[in-house]
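Analysis of the macromolecular model
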Amino acid sequence: MWASGLGWGLDAFDFYLYVYALPAILVTFGLNKSAGGLLATYMLAASAVGGITMGTLADRIGRRRALMISIACYAFFTFLCGFAQSYEQLAILRALEGFGFGAEWAVGSVLVAEWSQAERRGRNLGIVQGSWAVGWLGANLAFQIIFSLSAAAVAWRYLFFLGILPALALLYIRRSIDDPPRFHAQPKVTLAEIFRPALLRTTLLASLLAVGAQSGYYALFTWMPTYLTAQRHLAAVTSGSYLYLVIAGAFAGYVSAGYLNDRLGRRRTFALFAICSAIMVPLYLYFVAANWQLIVAGPLLGYFASGIFSGFGPYLSELYPDTARGAGQGFCYNFGRGVAGLTPWLIGALAGHYAIGSAMTGVAIGSYALVIVALAFLPETRGMELSQDIPRNGA
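Residues numbered from 1 in each chain as written. Predicted model: local features only at pLDDT ≥ 70, side-chain atom pairs only at ≥ 80, totals over all residues. Heavy atoms only, no water.

Right, let's talk about the overall build of the chain for a bit. Secondary structure summary: the chain contains 16 helices and 0 strands in total. The C-alpha radius of gyration of the chain comes to 20 Å, within 12% of the 21 Å expected for a compact globule of 395 residues. If you line up the chain on its principal axes, its C-alpha atoms span 55 × 40 × 30 Å. Of the roughly 14,400 Å² of accessible surface on the chain, 68% is carried by carbon and sulfur atoms. Where the 25 positive side-chain charges of the chain centre and where its 17 negative ones centre are 3 Å apart. (Helix = DSSP H or I, 4+ residues; strand = E, 2+ residues; numbered from the N terminus. Rg over C-alpha atoms; globule rule 2.2 N^0.38 Å. Areas by Shrake-Rupley, 256 points an atom, 1.4 Å probe, with all protein chains shown as cover. Lys, Arg positive; Asp, Glu negative; His and termini not counted. Charge placed at Lys NZ, Arg CZ, Asp CG, Glu CD.)

Here it is as C-alpha cells:
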C-alpha cells in the first residue's frame with residue numbers, strides 16, 4: 001500500500017504540474033486553448049498505450065519491476081519538459097511522460113489487490129487512491145510558491161523540473177516490496193486473452209465504465225485553473241487557494257469511497273458517485289454565484305468526482321483472473337484514459353465558441369451518463385475472492 005500509494009501520489013504530482021503550468025505555457029508559445037488541450041490529449045493517449053503495455057508486461061515480469069519502470073519513465077520525461085523550446089518538443093515529451101503515467105496505476109492497483117483480503121480490498125485501494133489527492137496538494141503548493149517567486153515565463157519550467165522527485169520512490173520500492181505469491185501461481189497469457197469470448201463482454205463494459213468516469217474527471221480538472229482565472233476572474237495564485245478546498249474534498253472522497261465499496265458494493269457506489277458528480281458540475285461551474293460559495297461547493301465537487309475512482313482497483317481486479325489481471329486492468333482503465341484524453345482538446349475547441357464553463361459542463365454530464373449505462377450490464381463482485389482461472393462460460 002505504501003509503495004503503490006507513493007507511486008500514485010507522485011503520478012498525480014507530475015500530472016498537476018502541467019495543469020498549473022498550462023496558462024503560462026499558452027502565453028510562452030503563443031497557443032490557443034485548443035492547442036493547449038491537445039498537449040493533455042497527447043499525454044493521456046500515450047498513457048493508454050503505457051497502461052496497456054505495462055499492465056500486460058506485469059503479468060510476465062512481475063508487478064514490482066513493472067511499477068519501478070513506470071515511475072522512472074514519467075519522472076524522467078516530466079523533468080525534461082522543463083527544457084522544451086517549442087510546442088512540438090513539449091508535445092513529444094508530454095507523450096513520453098504519459099507512457100509511464102498510465103502504467104503506474106495499472107501495475108500498482110493489481111499489486112495491492114492481490115495482497116488484500118476480499119473484505120478489505122475496497123478500503124485498501126481507496127486509501128491508495130487517496131494518495132492522488134496528496135500528490136495534487138503537493139503540486140498546488142509548489143505552484144503557489146514558484147509562481148509567487150518567479151515570473152510565469154520561467155516558473156512553469158521550474159515546476160516541470162520538480163517532476164524528477166518521484167524517482168526517489170524507486171529506492172524504497174526496490175528495497176521493500178515483493179510480488180504477491182499469487183503472481184507465481186499460474187502461467188501468463190497475452191493481451192488477446194481479454195478479447196476472447198469468455199472475457200470480451202467484461203472488457204467492453206469495464207472499458208465503457210472507465211471512459212465515462214475518466215472523461216468526466218479530465219473534463220473538469222484539466223481546465224479548472226483556467227476556468228477560475230478566465231471565467232471567475234481570479235488571480236492565478238488565488239485560484240490555487242480555492243483548489244485546496246477541492247483537493248480536501250477529493251481526499252475524503254477517495255478514502256471514504258473505499259469503505260463504501262466494501263459496504264454498499266461496487267455497482268451502487270459507482271452509481272452514487274456518478275449521479276452526484278453530474279449534479280455538482282453545473283452547481284459549481286454556474287449556480288455558485290459568489291466566490292465565497294466555492295468554499296462549500298468545491299469540497300463536494302472534489303469528493304464525488306474523485307471518489308468514484310476508488311472502485312476501479314477492486315472492481316477490475318475482481319472481474320479478471322490471475323493470469324489476465326494485469327492485462328485486463330491495464331487495458332480497461334487506460335483505454336478509458338486514452339478516450340478521455342480527447343476531452344481536454346474538445347473543451348479547448350468548444351471554448352473558442354462558448355464559455356469554458358459551458359463546455360466543461362456539457363462534456364462532464366454526458367460522461368457520467370456513460371458510467372450508469374455500463375453499470376446496468378456489469379455484475380456485482382463485492383466480497384469475491386480473486387480467481388485463478390479464466391471463466392469458461394463468459395460469466
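Now that the structure is up, let's keep going.
On to the side chain of Ser277, then. As for its placement among the helices and strands, Ser277 is situated in helix α11 (residues 266-287). Overall, Ser277 belongs to the buried group, its relative accessible area being 0%. In terms of polar contacts, Ser277 uses its side chain to reach the backbone carbonyl oxygen of Phe304, at 3.1 Å. Contact partners of Ser277, with chain neighbours within four places excluded, come to Phe304, Ala305 and Tyr368. (Buried < 20%, exposed > 50% of the residue type's maximum accessible area, 1.4 Å probe, protein only. Polar contact = N/O pair within 3.5 Å; in protein donor to acceptor, adjacent residues only side chain to side chain. Contact = heavy atoms within 4.5 Å.)

On the surface, a nonpolar cluster with roughly 570 Å² of combined accessible area is contributed by Ile275, Ile279, Leu283, Tyr286, Phe287 and Ile372. At 5 residues, the largest contribution of residues to the nonpolar patch is made by α11. Tracing the backbone shows Phe287 in helix α11. By relative accessible area, Phe287 is classed as exposed at 63%. (Patch = residues over 30% accessible without salt bridge, like charges linked within 9 Å, V, L, I, M, F, W, Y side chains within 5 Å. Salt bridge = Lys/Arg side-chain N within 4 Å of Asp/Glu carboxyl O.)

Residues Thr343, Pro344, Ile347 and Gly348 constitute the buried set of helix α15 (residues 342-350). What you see down the axis of α15 is that its buried residues fit within an arc of 135°, all on one side. (Arc of directions from axis to C-beta.)

With that settled, the discussion passes to the packing of helix α1 (residues 2-28) against helix α2 (residues 33-61). For the pair α1 and α2, the least separation of the axes is 10 Å and the interaxial angle reads 155°. For the element pair α1 / α2, the angle class is roughly antiparallel. Classified by chirality, the crossing of α2 by α1 is right-handed. Where α1 approaches α2, its residues Phe15, Tyr18, Leu22, Ile25 and Leu26 are matched on the opposing element by Gly36, Leu39, Ala40 and Met43. Looking at the contact of α1 with α2 residue by residue, the classes come out as 8 nonpolar, 1 polar and no charged. (Axes fitted to C-alpha atoms, helices over the stretch in contact; angles between N-to-C directions. Parallel < 35°, antiparallel > 145°, perpendicular 65-115°, else oblique. Left-handed = near helix turned anticlockwise from the far one by under 90°. Nonpolar A, V, L, I, M, F, W, Y, C, P; charged D, E, K, R; others polar.)

Turning our attention to the packing of aromatic side chains. The final tally for this structure, using the stated rule, is 25 aromatic pairs. When the centroid spacing of 4.7 Å and the interplanar angle of 55° are considered together, the rings of Tyr217 and Phe221 count as tilted. In this pair, Tyr217 and Phe221 both sit in helix α8 (residues 197-221), 4 residues apart, roughly one turn of the helix. An angle of 85° between the planes, with centres 5.3 Å apart, marks the rings of Tyr217 and Phe309 as edge-to-face. Of this pair, Tyr217 sits in helix α8 while Phe309 sits in the loop between α12 (294-307) and α13 (312-319); the two residues are 92 residues apart in sequence, bridging distant segments of the chain. Assessed through its relative accessible area of 2%, Tyr217 is described here as buried. Taking the relative accessible area as the measure of exposure, Phe309 reaches 4% and is therefore buried. (Phe/Tyr/Trp six-rings, centres within 6.5 Å; stacked < 30°, edge-to-face > 60°.)

Residues Tyr16, Ile25, Leu220, Phe221, Met224, Tyr284 and Phe312 are the most contacted members of the largest nonpolar core, which totals 106 residues. For this core, the element with the most residues is α1, which contributes 14 residues. If we ignore the near neighbours within four places in the chain, the residues touching Met224 are Leu243, Tyr284, Leu285, Leu301 and Met360. Listed in part, the 16 residues of the second largest apolar core include Ala3, Met54, Ala66 and Ile173. (Core = buried A, V, L, I, M, F, W, Y, C linked by side-chain atoms within 4.5 Å.)

Take the pattern of salt bridges next. Using the criterion set out here, one finds 5 salt bridges in the structure. We note a salt bridge from Glu318 to Arg121, for which the minimum N-O separation is 2.9 Å. Pair noted here: Glu318 is in helix α13 and Arg121 is in helix α5 (residues 121-149), with a separation of 197 residues, a long-range link. By relative accessible area, Arg121 is classed as buried at 1%.

Here the focus is the packing of α2 against helix α14 (residues 325-340). Interaxial distance between α2 and α14 falls to 7 Å at its minimum, and their mutual angle equals 180°. Judged on the interaxial angle alone, α14 and α2 are roughly antiparallel. Contact residues: α2 offers Leu44, Ala45, Ser47, Ala48, Gly51, Ile52, Gly55, Thr56 and Asp59, while α14 offers Arg325, Gly326, Ala327, Gly330, Phe331, Asn334, Phe335, Arg337, Gly338 and Ala340. In the contact of α2 with α14, the residues fall into 8 nonpolar, 8 polar and 3 charged.

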